[in-house]
Every structure is written in C-alpha cells, then in structure tokens.
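# Geometric and topological summary
Here is what each chain is made of, one letter per residue.
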Amino acid sequence: MVRSEFDQMMLENAREHGVSAFEGIRVRDVLFDNTGLFDGKRAVGVRIQEENGAVREVRAKVVVDASGQSGMLMNKLELRIWDPLLDKGAIWTYWEGAYRDTGRDEGATMVLQTADKKGWFWYIPLHDNRLSVGIVRPFDDLFGGSVEKTKTAHGERYEQEVAACPAVAKRVAGAKRLTGYFATKDYSYRSTTVAGDGWVLVGDAFGFLDPLYSSGVLLALRSGEMAADAVVEGLKKNDVSAAQLGKWGVPFNQGVDRMRRLVCEYYDGFSFGNFIRSYPELRGTVTDLLIGDLFTDKVDRVWEPMETQYPSAKRAPVRWNEGQAPSEDEKQNELVLPTGLRP
Ligand SMILES: Cc1cc2nc3c(=O)[nH]c(=O)nc-3n(C[C@H](O)[C@H](O)[C@H](O)COP(=O)(O)OP(=O)(O)OC[C@H]3O[C@@H](n4cnc5c(N)ncnc54)[C@H](O)[C@@H]3O)c2cc1C
C-alpha cells in the first residue's frame, strides 16, 4: 500500500480517538530540567516552530520522540550504536508497467538476490501499475565510500546492478521509469535505551533494522503500542521515570534481535530452503518469524537446529551492540533525493 495513504489513515484514526494532532509544526528541541535521574535530566516539553516561523515552548509530562531516522533525542543525548554487521546502502526508483504476478500474488513483495550473493533487490508492486525496485548492497561496495556522489552515478550504479541480475532485468524490461534515483546509507542502529525520565523513543527514532524482511513499519507500530501502554500506566501512577517509560525495552529488543538474526543469517549465506528441508517441522516457526511474530520466545526453538547447519568455523552473529561498528565518518543515514522526476 502507499505509505503516505497508510500514514494519513493512522493520523485520522488517532484524531477519531480523541488525539489532538497539529500539522506543519517542526520540533526544534526537547526541553529538559535538572530533576531527573537519567543523567540528571528530565524532559519537560518541546520547543516548536510553527509554519509562520513563530517559535514557542510546549510543556508536557512525557515527550515521545517519533522523529524517525533523524533521531532527535538519540543524537542530542548521543545514544546511537551502529550495528557492527549491517552497514548497507540502497538505491531505488519507481517503475510503471513492470512485470507483476497474477491473481493473489499480484501484490506480492519479492526479494531477489544478486548473483554474487552480496546484495538483493526489493521488488514491491504498488498501486496504479507502479513498482518500487531497489538494490541493497554493502555500503562501500555500492557507493565507493560516499553516498553524496553525483546523482548520475547513482543511476549508473543502479542500472549496472539491474543488468547483472537477469531476474530483475527481465521484469523491468519495457517498463517506464517514473522517477530519478533515490539513495541512502542504510546502516542499522539502535539506541542504548528506549526511555529516560519524561521521554521515550519509538520507531526509527529508537532503532532501524536493515529492510530485508520489510520489518520497519511493524517494529515502529509495535514500539508505539508498547510505549503507549507504559506512558498510559505511568500517567495513571504519576510516574514518568525512565524505569516506568522504558518497561518495554527488554522484550522489544528481544523481538528486534530475532528479526536481526534472520537478516544476519541471510547475509551470511544461510539457506532457509535447506533448513526447512532438514527440519520440516520448523517451517511454521520460520514463517511466524518472517511475518513478524517476534515477541514470543516460542519462536526461539529454531536457533539451535539452525546452528547445527553452520560450517564448522561459523559462529552465531555478534550482537547489535558488540563488535566493531562501521567507521565513525558520516554515520547519518541521509537520504539523497533525485533532482529530476519525483513520485
Ligand atoms: C531503503 C529503505 C527501505 C525500507 N523498506 C521498508 C519496507 O519495505 N517495509 C517496511 O515496513 N519498512 C521499510 N523501511 C523502514 C520504514 O520506512 C521505517 O522503519 C518506518 O518508516 C519508521 O517509521 P517512523 O514513524 O519511526 O519514522 P518515519 O516514517 O521516518 O516518520 C518520522 C516522521 O517524523 C517527522 N519528523 C522528523 N523530525 C521532526 C521534527 N524535528 N519535527 C517534526 N517532525 C519531525 C518526519 O518528517 C516524519 O514524518 C525501509 C527503510 C529504508 C531506509
């Protein structure tokens, strides 16, 4: 479905349930006083800028940071940890008239691996006969060190990848490209904590996981639900401490860890097909994991059998907050928009 339409539905639904939502407002800063336990600071509101340029302060018992990859509080409080394994880049564009399956599979999202197995394409049918098709590869390999290279170069790199992947090339042959090429650094990261005194992080403002299994919106919604429960309970008890607002952090991180493990296994060449052939009784559990049933330990029964299929030198992937993170330079996941055609 079209993301902007989905977001609009969510916004309208929130309003129907009594939320006051204001549009066209930019949050410039989060305000703190010195009464909190977390680093001595407690969030007490935000400084906002209205569309007409006016700046004012709004006080709040709890500040929920849902600012996406710009990670307002994560940056301000230096909480971000870059994943040591998942340092990817992505280039994508939109097509009209590319191949779609028929019948119930017409809208099916596909993941198509590149021949060298270092990267993959997403192939996502959208409305009006449009498709989003993107390539994800290790960052340095895709951008040669800098995402800010010329936009022509992004297009050339994308077309090179399409040409080298017959499964994609044949699907877009004869289709019309609708936009220029979007590019982003696609590094996975998480915050060291989900909450502090008076504030809580949700969605990409807390963490971003490689989009291989399209888990981003699911994780954003799930973190929103879990954070909302903690906030509502905290407001009832008049407790907006880091401990109360962050109650959901451990189980949420465990859920993200499960999806991350699948992502890392894929990049490390693990064959899910072979695995299911060896352990047909685990097919349902692997499916549960892939469709996002991440927040139950019932699914953990797949890991041990999975490890029995590892080559002898292979170990389970290092955790998201261990090991050598990607280089310190230019870590922000900035999005480079095309100058020409836009959706
Ligand atoms: C290349 C790529 C492909 C992806 N593919 C998929 C996929 O197929 N499926 C999937 O589920 N997920 C996918 N994702 C992930 C998904 O897009 C995100 O995980 C999801 O959008 C996170 O939602 P969010 O609400 O946290 O952040 P966002 O959707 O980024 O929303 C953040 C909002 O906050 C606003 N904002 C930011 N700063 C401020 C401020 N200071 N003041 C006011 N407003 C502010 C922004 O304008 C934005 O509207 C992909 C991501 C990438 C990078």
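Just so it is clear, the model here is predicted, and its values are computed rather than measured. (Residues numbered from 1 in each chain as written. Predicted model: local features only at pLDDT ≥ 70, side-chain atom pairs only at ≥ 80, totals over all residues.)

### What about the overall build of the protein chain?
Where we set the bar: Numbering of helices and strands runs from the N terminus; a helix is a DSSP stretch of H or I covering at least four residues, while a strand is a stretch of E covering at least two. For the radius of gyration, the atoms used are the C-alpha atoms, and the globule rule reads 2.2 Å times the number of residues raised to 0.38. Remark: C-beta atoms are placed from the backbone, and a residue is labelled buried if 20 or more other C-beta atoms sit within 10 Å of its own, exposed if 12 or fewer do, or partly exposed between those counts.
Across its full length, the protein chain holds 11 helices and 14 strands. Over its C-alpha trace the protein chain gives a radius of gyration of 22 Å, about what one expects of a compact globule, namely 20 Å for 343 residues. Each principal axis of the C-alpha atoms in the protein chain carries an extent, and together these give about 60 × 50 × 40 Å. Relative to its full complement of 343 residues, the protein chain shows a buried share of 32%.

### As for the site of the ligand
Where we set the bar: Think of it this way: take the backbone, place a C-beta atom on it, and check whether that atom is within 6 Å of the molecule or strand, in which case the residue is near it. Gly counts as polar in this scheme, as do all residues outside two lists: the nonpolar Ala, Val, Leu, Ile, Met, Phe, Trp, Tyr, Cys and Pro, and the charged Asp, Glu, Lys and Arg.
Taken together, 20 residues are adjacent to the ligand, and Gly-68, Gly-203, Ser-214, Gly-216 and Val-217 come closest. Looking at the shell around the ligand, the elements that each hand over two or more residues are strand E1 (26-33), strand E10 (182-191) and helix H6 (216-237). Top element by residues in the shell around the ligand is H6. It accounts for 3 residues. Of the residues contributing to the shell around the ligand, the split by class is 9 nonpolar, 8 polar and 3 charged.

### Comments concerning the sheet that holds strand E11 (residues 195-196)
Stated precisely, the cut-off is as follows: Strands are treated as partners if at least two bridges between them are detected by DSSP.
Strand order in the open sheet made by the 3 strands is E4-E12-E11, with mixed pairing throughout. Edge positions in the open sheet fall to strand E4 (63-65) and E11, since each of these has one partner strand only. As defined by bridge partners, E4 adjoins strand E12 (residues 199-201) across 3 bridges and the pair is classed as parallel. Counted as the bridge partner of Val-64 is Val-200 from E12.

### Comments concerning unusual backbone geometry
Glycine aside, residues mostly have negative phi, and peptide bonds are mostly found in the trans state. Located in the positive-phi region is Asp-128, a residue other than glycine, with phi close to 50°. Relative to the assigned elements, Asp-128 resides in the loop between strand E7 (120-125) and strand E8 (130-138). With 7 C-beta atoms packed within 10 Å, Asp-128 lands in the exposed category. Phi at Ser-214 takes a positive value of approximately 50°, unusual for a residue other than glycine.

### Points about the nonpolar core
Rule in force here: The nonpolar core is taken to be a set of buried Ala, Val, Leu, Ile, Met, Phe, Trp, Tyr and Cys residues joined by way of C-beta atoms within 7 Å. Here, residues touch in the contact sense if the C-beta positions derived from the backbone fall within 7 Å of one another.
Of all hydrophobic cores here, the largest spans 42 residues; its most connected members are Val-30, Trp-199, Val-200 and Leu-201. Counting residues per element, this core draws most heavily on helix H8 (residues 249-267), at 5 residues. For Trp-199, the contacting residues outside a window of four places in its chain are Val-30, Ala-43, Val-62, Val-63, Asp-65 and Leu-73. In this structure, Trp-95, Ala-98, Ile-135 and Phe-143 belong to the second largest nonpolar core, which totals 21 residues.

### Some details on helix H1 (residues 3-16)
Side chains three or four residues apart in an α-helix point the same way, a direct result of the helix having 3.6 residues per turn. The condition that has to hold: Helix span, as expected, comes to 1.5 Å for every residue beyond the first.
In this model, H1 (14 residues) spans 20 Å end to end at C-alpha, consistent with the 20 Å of a helix rising 1.5 Å per residue. Among the 14 residues that make up H1, 0 are buried, leaving the element largely open to the surroundings. Taken from the residues just after H1, Gly-18 is the one with a positive phi, measuring 95°.

### As for H6
Applied cut-off: Of all possible arcs, the one meant is that of the directions from the helix axis to the C-beta atoms.
The end-to-end C-alpha distance of H6, which contains 22 residues, comes to 31 Å, matching closely the 32 Å that a straight helix rising 1.5 Å per residue would cover. Listing the buried residues of H6 in full gives Leu-219, Arg-222, Ser-223, Met-226, Ala-227, Ala-230 and Gly-234. Around the axis of H6, the buried residues are gathered within 125° of arc, so they sit on the same side. In H6, the exposed positions that point more than 90 degrees away from the buried face belong to Asp-229, Val-232 and Lys-236. Taken together, the buried residues of H6 touch E4, E12, helix H7 (242-245) and H8. At the exit of H6 stands Asn-238, carrying a positive phi of roughly 55°.

### Concerning the sheet that holds strand E3 (residues 55-59)
Rule in force here: Orientation is described by lines fitted to C-alpha atoms, with helices fitted over the stretch in contact, and by angles between N-to-C directions that extend from 0 to 180 degrees.
Spatially, 3 strands are ordered E1-E2-E3 in an open sheet, and the strand pairing comes out antiparallel. The open sheet has two free edges, formed respectively by E1 and E3, since each of these has just one partner strand. Each strand axis lies, on average, 30° off the axis of its neighbour in the sheet, ignoring direction. Of the pairings in the sheet, the one linking strand E2 (residues 42-49) to E3 comprises 5 bridges and is antiparallel in character. Across the sheet, residue Gly-45 finds its bridge partner in E3, namely Arg-59.

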